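# Secondary and tertiary structure notes
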Amino acid sequence: MNSNFFKLFIRMQGIKCGKKLLLKGIPFVYRKANSTISIGENCVIKSSFLSNLVGLYQRTIIVTRSEGAKICIGNNVGISGATIYARESIVIGDNSCIGGNTKILDNDFHPIEWETRNSLMSRKDGGDMSELIPSKAITIGKNCFIGCNSIILKGTELGDGCVVGAGSVVCGKFAPDSIIAGNPARVIRRLDER
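Residues numbered from 1 in each chain as written. Predicted model: local features only at pLDDT ≥ 70, side-chain atom pairs only at ≥ 80, totals over all residues. Heavy atoms only, no water.

Another aspect to go through is the pairing of strand β6 (residues 61-64). Pairing geometry for strand β3 (residues 28-31) and β6, over four bridges, is parallel. The residue of β6 that forms the bridge with Y30 is V63. Direction of pairing for β6 relative to strand β9 (residues 83-86): parallel, over a ladder of four bridges. By the bridge assignment, T64 is partnered in β9 with A86. (Pairing = 2+ DSSP bridges. Helix = DSSP H or I, 4+ residues; strand = E, 2+ residues; numbered from the N terminus.)

Written out as structure tokens, the structure reads:
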């Protein structure tokens with residue numbers, strides 16, 4: 001199902017979408033006030049169970065959760081049942097593929113210190129916690145491939161052409177054309193090595 005109605009709904013939220021955006025199923029997209037989400041041209045976002053036979057557990061989720069946060073998805077990007085959740089910045093380069101059920105999270109979702117977590121959980125006002133949640137920008141270069149069920153953590157920088165093995169947990173800076181796998185992910189080899 002390519003939902004033209006939902007594309008209109010996305011644009012009504014102030015989300016920039018390039019030409020030929022193809023939606024298979026209906027993603028969950030939310031833009032916090034004074035934040036930015038942009039999706040390039042010729043992108044495919046899969047959100048229905050049978051749209052990717054790796055087996056999607058959920059619809060694609062694209063969310064900015066704090067003012068000033070940014071998600072920028074380049075041209076010709078494919079996304080399948082992934083979560084892209086930004087409190088600071090997530091940039092995905094042109095021609096990159098985000099495998100089924102991948103999580104790209106530029107923050108920890110909650111404070112690390114238990115005292116701070118407990119005090120926030122007892123707050124009645126539900127106020128903004130952004131300043132207390134560790135966040136760091138993520139950059140995924142052009143022509144990258146991220147295998148299914150991977151987790152890309154805050155501060156990660158993937159150079160152009162990187163390949164991330166399925167199920168990897170990635171944090172750190174990786175040179176272009178690296179093949180990365182494991183938990184924690186490390187460089188297995190470079191693409192130019194045969």
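A few words now on the sheet that holds strand β11 (residues 97-98). Strands sit in the order β2-β5-β8-β11-β14-β17-β20-β21 across an open sheet of eight strands; the sheet is mixed. A strand with exactly one partner marks an edge of an open sheet, and here the two such strands are β2 (22-24) and β21 (185-190). Sheet analysis places strand β5 (residues 44-46) next to strand β8 (residues 78-80), joined by three bridges and oriented parallel. Pairing of I45 across the sheet is with I79, part of β8.

Here the focus is the sheet that holds strand β15 (residues 151-152). Taken together, six strands build an open sheet; the order of strands is β3-β6-β9-β12-β15-β18 and the sheet is parallel. Unpaired on one side and paired on the other, β3 and β18 (169-170) mark the two borders of the sheet. Across two bridges, the pairing between β15 and β18 is parallel. If you follow I151 over to β18, its bridge partner there is V169.

As a further point, take the pairing of strand β20 (residues 178-182). Relative to β20, strand β17 (residues 163-164) runs parallel, the two sharing two bridges. Bridge pairing in β20 links V164 to I180. Across five bridges, β20 lies against β21 in antiparallel orientation. When the bridges of β21 are listed, I179 appears paired with R189.

Moving on to the side chain of T102. Structurally, the position occupied by T102 is in the loop between β11 and β12 (103-105). One polar contact links the side chain of T102 to the main-chain carbonyl oxygen of G147, over a distance of 3.3 Å. Excluding its chain neighbours within four sequence positions, the residues that come into contact with T102 are G81, A82, T83, I146, G147, C148, N149 and S150. (Polar contact = N/O pair within 3.5 Å; in protein donor to acceptor, adjacent residues only side chain to side chain. Contact = heavy atoms within 4.5 Å.)

Looking now at the nonpolar core. Counting residues in each nonpolar core, the largest one holds 35 residues, and the members touching the most others are I39, I73, I84, I92, I104 and L158. Counting residues per element, the ones that place at least two in this core are α1 (4-12), β4 (36-39), β7 (70-73), β9, β10 (89-92) and β13 (138-140). In contact with I104, not counting residues within four places along its chain, are T83, I84, Y85, I90, I92, I98, I138, I140 and I152. (Core = buried A, V, L, I, M, F, W, Y, C linked by side-chain atoms within 4.5 Å. Buried < 20%, exposed > 50% of the residue type's maximum accessible area, 1.4 Å probe, protein only.)

Turning our attention to unusual backbone geometry. Here the bond from N183 into P184 is cis, since omega is 0°, no more than 30 degrees from zero. Of note, P184 is situated in the loop between β20 and β21. You will see that F109, though not glycine, has its phi angle at about 70°, which is positive. You will see that D177, though not glycine, has its phi angle at about 60°, which is positive. Looking at where D177 falls in the secondary structure, it is placed in the loop between β19 (173-174) and β20. Taking the relative accessible area as the measure of exposure, D177 reaches 31% and is therefore partly exposed.

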